[in-house]
Amino acid sequence: MAEDRLACRECHHVNDPDSQTCEHCGSSSLTEDWAGYVIITQPEESQIADEMNVTKPGSYALKVR
């Protein structure tokens, strides 16, 4: 489930619960404290991706604490 996963504090990418580093940016700053979930498939055509500064397809948290 999405709520069991870890979100990166740097790029907001949602990672597997057993991850030590972010799959997208390599940061080790991961947290369980996040809210909202969006899947971006075509970042070049997405207004949400533009607002979030997302350039790679994937799952992202909307709010990371």
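The name that an unreviewed UniProt entry assigns to the protein chain is Transcription elongation factor Spt4, with the source organism given as Halorubrum persicum. Looking at the Function (unreviewed entry) heading of the UniProt record, one finds this comment for the protein chain: "Stimulates transcription elongation."

Break down the UniProt feature "domain: Spt4/RpoE2 zinc finger" (unreviewed entry) in the protein chain for me, with residues and values.
If you check UniProt for "domain: Spt4/RpoE2 zinc finger" (unreviewed entry), the listed places come out as residues 5–65 in our numbering. Secondary structure content for residues 5–65 is 10% helix and 34% strand, while the C-alpha to C-alpha distance between its ends is 14 Å.

Describe in detail the pattern of salt bridges, supporting the description with residues and values.
Evaluation of the coordinates by the stated rule reveals one salt bridge. Ionic pairing is found between Asp 33 and Arg 65, a salt bridge with its closest N-O pair at 2.6 Å. Note that Asp 33 is positioned in the loop between β3 (30–31) and β4 (34–40) and Arg 65 in the segment after β5 (58–64), a separation of 32 residues in sequence. With a relative accessible area of 36%, Asp 33 lands in the partly exposed category.

Which residues make up the packing of aromatic side chains, and what values go with them?
Tallied over the entire structure, the rule returns one aromatic pair. Their ring planes at 35 degrees and their centres at 6.1 Å tell us that Trp 34 and Tyr 37 sit as a pair that is tilted. Owing to a relative accessible area of 35%, Tyr 37 belongs among the partly exposed residues under this scheme.

Lay out unusual backbone geometry in plain terms, naming residues and giving numbers.
One non-glycine residue, His 12, lies in positive phi territory at about 70 degrees. With respect to the element layout, His 12 can be found in the loop between β1 (6–8) and β2 (14–15). Unlike most non-glycine residues, Asn 53 shows phi in positive territory, near 60 degrees. Within the secondary structure, Asn 53 sits in the loop between α1 (47–52) and β5. When its relative accessible area of 68% is taken as the criterion, Asn 53 is described as exposed.

Talk me through the state of the cysteines; I want residue IDs and the actual numbers.
When the sulfur atoms of two cysteines share a covalent bond, that bond is a disulfide. With the rule as written, the count across this model stands at zero disulfides. Cys 11 supplies the cysteine sulfur nearest to Cys 22, a cysteine that is in no disulfide, at a spacing of 3.5 Å. On the accessibility criterion, Cys 22 (3% relative accessible area) is buried.

Rules of the game
- Residue numbers run consecutively from 1 along every chain, following the written order of its sequence.
- For this predicted model, a pLDDT threshold of at least 70 governs which residues receive local features, and a threshold of 80 or more governs which side-chain atom pairs are given and counted, while totals over whole chains, interfaces and linings are taken from all residues.
- Hydrogens and water are ignored here; the side-chain numbers use all heavy atoms of the structure.
- UniProt positions are given in the numbering used here, feature names are shortened, and annotations may be inferred rather than shown by experiment.
- Helix and strand assignments follow DSSP, with helices taken as H or I runs no shorter than four residues and strands as E runs no shorter than two, numbered in order from the N terminus.
- We define a salt bridge as a contact between a side-chain nitrogen of Lys or Arg and a carboxyl oxygen of Asp or Glu at a distance within 4 Å.
- Each residue gets one of three labels from its accessible area relative to the maximum for its type: buried under 20%, exposed over 50%, partly exposed in between, using a 1.4 Å probe on protein chains only.
- Ring pairs are drawn from Phe, Tyr and Trp, using the six-membered ring of Trp, whenever the two centres fall within 6.5 Å, and their geometry is named by plane angle: stacked under 30 degrees, edge-to-face over 60, tilted for the rest.
- The term disulfide is used for any two cysteine sulfur atoms that are within 2.5 Å.

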